[in-house]
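Chains, contacts and geometry: an overview
The lines below spell out each chain.
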Amino acid sequence: AQTVTQSQPEMSVQEAETVTLSCTYDTSENNYYLFWYKQPPSRQMILVIRQEAYKQQNATENRFSVNFQKAAKSFSLKISDSQLGDTAMYFCAFMNPSGSYQLTFGKGTKLSVIP
Amino acid sequence: KAGVTQTPRYLIKTRGQQVTLSCSPISGHRSVSWYQQTPGQGLQFLFEYFSETQRNKGNFPGRFSGRQFSNSRSEMNVSTLELGDSALYLCASSWKGSRQNTEAFFGQGTRLTVV
């Protein structure tokens, strides 16, 4: 079974600064996907970024980028130029797509952006 | 395109009752997954349906069941409700068409309170 660990329950960052959220996972699979989801107070889970394990290049989406270290089983999320709207819970998630689309989530990191 | 729609948004039930939650996936999506979110346990996978067949099931008692219709809409049912079933229930839809289509899109959830 896969496990996902987010070791930072809460973090804060000043507006316009950069913050990095950590995530480690454990799996014996070689082909898988990793995701970061954002859940603001509205409760809507929103996909932030996706990484395919077979791709060595780190994924980037505007101000969001990941540092994917496959050998270390590490998948951190960097948010640049933090904005007030980035305040939310952030969940790291793992998927092995061979059987089903089941996502295994970490416990989440509550990020607060301070004006 | 329309997103994932969950109904109802809020529900209050009494212990011992049963409840049915509904999820309409994004048009064309064939996979629907259900998750339970609580402060203590975080996000836990309930089950996944693909083309009307349950492909995977999480570690929940038999009181939790689901089904998927030919139009991909899904329902989950919880019988003999317990106080511990109070949670946010999230539905996610995905489309298994190609390697590029692994994102799960979430609905806004149904907040169930058992009293």
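Residues numbered from 1 in each chain as written. Chains lettered and ligands numbered in written order. Predicted model: local features only at pLDDT ≥ 70, side-chain atom pairs only at ≥ 80, totals over all residues. Heavy atoms only, no water.

**Regarding the state of the cysteines**
Two cysteines, two sulfur atoms, one covalent bond between them: this is a disulfide. Residue and element names in this part refer to chain B. Scanning the model with the defined rule gives two disulfides over all chains in all. Here Cys23 pairs with Cys91 through a disulfide, and the sulfurs are 1.7 Å apart. Judged by the sign of its S-S torsion, about -55°, the cystine formed by Cys23 and Cys91 is left-handed. With Cys23 in strand S3 (residues 19–24) and Cys91 in strand S9 (residues 87–94), this residue pair connects regions lying 68 residues apart in the sequence. Each member of the pair Cys23 and Cys91 is classed as buried. (Disulfide = S-S within 2.5 Å. Helix = DSSP H or I, 4+ residues; strand = E, 2+ residues; numbered from the N terminus. Buried < 20%, exposed > 50% of the residue type's maximum accessible area, 1.4 Å probe, protein only.)

**Some thoughts on the interface of chain A and chain B**
Contacts between chain A and chain B engage 23 residues on the former and 30 residues on the latter. In this structure, Arg50(A) engages Glu103(B) in a salt bridge whose closest nitrogen and oxygen atoms are separated by 3.4 Å. At the junction of chain A and chain B, the tally comes to ten residue pairs in polar contact (both at pLDDT 80 or more). Elements with a contribution of two residues or more to the side of chain A that touches chain B: strand S5 (33–39), strand S6 (46–52), strand S10 (88–95) and strand S11 (103–105) of chain A. If you tally residues by element for the side of chain A that touches chain B, the top one is S5(A), at four residues. Considered class by class, the residues forming the side of chain A that touches chain B number twelve nonpolar, seven polar and four charged. (Contact = heavy atoms within 4.5 Å. Salt bridge = Lys/Arg side-chain N within 4 Å of Asp/Glu carboxyl O. Polar contact = N/O pair within 3.5 Å; in protein donor to acceptor, adjacent residues only side chain to side chain. Nonpolar A, V, L, I, M, F, W, Y, C, P; charged D, E, K, R; others polar.)

**Thoughts on the side chain of Gln37(B)**
Its location among the elements puts Gln37(B) in strand S4 (residues 31–38). On the accessibility criterion, Gln37(B) (13% relative accessible area) is buried. At 2.9 Å, the side chain of Gln37(B) and the side chain of Gln39(A) are in polar contact.

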